Amino acid sequence: PGIEGAKRLAAYTAVDKHILPHHKIIGIGSGSTVPYVVERITQQGTELNKGRIFIPTGFQSKELIIEAGLNLGDVDQFLTIDVTIDGADEVDAQLNCIKGGGACHLREKVLAEAAKTFIIVADYRKNGKYLGENFAHGVPIEVVPFAYAKVLQNLRSVLGSPNASLRMAKAKAGPVVTDNANFVIDAPFSRDLIKDPSSLLTKIKLLTGVVEVGLFCNIAQAAYFGNQDGSVTIKR
Ligand code: DER
C-alpha cells in the first residue's frame, strides 16, 4: 500500500488493539492519519459509540468527530481520558516524538497527558531511530505573537538553532495562526542537541513567551507504523 494505505493500516491496527468496548472517553488527535482512526472507530458500530464521548485536539479534529456523527466532549468535562490516539511527525526508539507538523501540539499534549493510554499512529516515514533524522523542519514551538521575535532570537543565538523560523501560512498572507490564536516557530537542532529530547524540551519551554513545544517525551505507551509491504511495526 502507498502512504495512505500505510496510515490506514497503522490506524486500524491501533484502534482494534486499544479502543475496546469499555473505553468511553476517547481523545482524537490531529493530522492526516487520524481520519483513519475515526473511520475504524465508526466501524465498531453506532450502538457502542452512542455510549462514548470523543474529545478533539483542535478545529480539524472537532470537525472529524462531528462529521462522523460521534458524540463531542470537552477535556474540562473529563479530566481523565481512557485513550488518546494521535499522529506524529517523527518517533525515536524510546517513543519520544516530534509533533506539531499540523500546529496542533498544544491541545494534543494536553489530551496525551490526560489519557491513561496514549497511542501514536503513523506511516513508515515517521519511524526513526533518533529525532531529527527525517523530520527536517525542526521542532515546532507554539509562541504568543507578542513574544515571537524574542523567542526567535533566543533560539537562534542562545539555544543553538540558527535556522529557527516563523511558520508562514500557505493559503493566507502572514504567519500560521493556531487554534489558540498563537504563532508557530520551527527550530531545527543538530543531532547532538536533540539526542536528549527531554532536556532540550525543558530549555525551550523555559523561554518566556513559549506556550508549548512539539517534543513529546515519556508520554506514549506504543506507536504503530504502517509499512509499504503491508506489515505493521509496533514500538512500545
Ligand atoms: O501536528 C501533529 O503532531 C499531527 O499529529 C501531525 O503532525 C501528524 O502528522 P500526519 O498528518 O502525518 O498524521
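Residues numbered from 1 in each chain as written. Predicted model: local features only at pLDDT ≥ 70, side-chain atom pairs only at ≥ 80, totals over all residues. Heavy atoms only, no water.

Naming follows an unreviewed UniProt entry, where the protein appears as Ribose-5-phosphate isomerase of Boletus reticuloceps. Comment text from UniProt for the protein, heading Sequence similarities (unreviewed entry), reads "Belongs to the ribose 5-phosphate isomerase family." Database annotation for the protein, UniProt heading Catalytic activity (unreviewed entry): "aldehydo-D-ribose 5-phosphate = D-ribulose 5-phosphate". (UniProt positions renumbered as here; feature names shortened; annotations may be inferred.)

Trainee: Help me understand the sheet that holds strand β6 (residues 115-123), please; the structure alone is not making it clear to me.
Mentor: The strands making up a sheet associate through hydrogen bonds between their backbones, and the pairing can be parallel or antiparallel. Strand order in the open sheet formed by six strands is β2-β1-β3-β6-β12-β13, with mixed pairing between adjacent strands. Each edge of the open sheet is held by one strand with a lone partner, namely β2 (53-56) and β13 (232-235). Ignoring strand direction, the axes of neighbouring strands in this sheet form an average angle of 20 degrees. By the bridge criterion, four bridges tie strand β12 (residues 222-226) to β13 in an arrangement that is antiparallel. Pairing of Phe225 across the sheet is with Thr233, part of β13. (Pairing = 2+ DSSP bridges. Helix = DSSP H or I, 4+ residues; strand = E, 2+ residues; numbered from the N terminus. Axes fitted to C-alpha atoms, helices over the stretch in contact; angles between N-to-C directions.)

Trainee: Hey, could you run me through the packing of helix α1 (residues 3-18) against helix α2 (residues 34-42) in this one?
Mentor: The geometry of a pair of packed helices is captured by two quantities: the angle between their axes and the separation between those axes. One way to put it is that α1 packs onto α2 with a least axis distance of 8 Å and a crossing angle of 45 degrees. In terms of axis orientation, α1 runs oblique to α2. The handedness of the crossing between α1 and α2 is right-handed. Here Glu4, Lys7, Arg8, Ala11, Tyr12, Val15 and Asp16 of α1 come into contact with α2, specifically with Tyr36, Val37, Glu39, Arg40 and Ile41. Of the residues in the contact of α1 with α2, the class split is six nonpolar, no polar and six charged. (Parallel < 35°, antiparallel > 145°, perpendicular 65-115°, else oblique. Left-handed = near helix turned anticlockwise from the far one by under 90°. Contact = heavy atoms within 4.5 Å. Nonpolar A, V, L, I, M, F, W, Y, C, P; charged D, E, K, R; others polar.)

Trainee: Looking at this model, I keep getting lost on the environment of Leu70. Mind explaining?
Mentor: Within the secondary structure, Leu70 sits in the loop between α4 (59-67) and β3 (81-86). Using a relative accessible area of 11% as the deciding quantity, one classes Leu70 as buried. Between the alpha carbons of Leu70 and Phe135 there is a distance of 33 Å; along the sequence they are 65 residues apart. Excluding residues within four positions of it along the chain, Leu70 makes contact with Val38, Thr42, Asn49, Phe54 and Ile65. (Buried < 20%, exposed > 50% of the residue type's maximum accessible area, 1.4 Å probe, protein only.)

Trainee: Whenever I open this one, the sheet that holds strand β5 (residues 97-98) confuses me. Can you help?
Mentor: Read across the sheet, three strands follow the order β4-β5-β11 without closing on themselves; strand pairing throughout is antiparallel. Taken across any chain shown, the strands that pair with only one partner, and hence form the sheet edges, are β4 (90-91) and β11 (215-216). Strand direction decides the pairing type here: β5 and β11, joined by two bridges, are antiparallel. Directly across from Cys97, in β11, lies its bridge partner Phe216.

Trainee: Explain the site of the ligand to me, please; I cannot follow it from the model alone.
Mentor: Around the ligand, the structure places 14 residues, and the nearest of them are Ser32, Thr33, Asp89, Gly102 and Lys126. Within the side chain of Lys99, one N or O atom sits 2.9 Å away from an oxygen atom of the ligand. Glu108 is positioned such that a nitrogen or oxygen atom in its side chain is 3.1 Å from an oxygen atom of the ligand. For the ligand, whose unbound accessible area comes to 350 Å², protein coverage reaches 92%. Looking at the shell around the ligand, its residues break down into one nonpolar, eight polar and five charged. (Near = heavy atom within 4 Å. Polar contact = N/O pair within 3.5 Å; in protein donor to acceptor, adjacent residues only side chain to side chain. Areas by Shrake-Rupley, 256 points an atom, 1.4 Å probe, with all protein chains shown as cover.)

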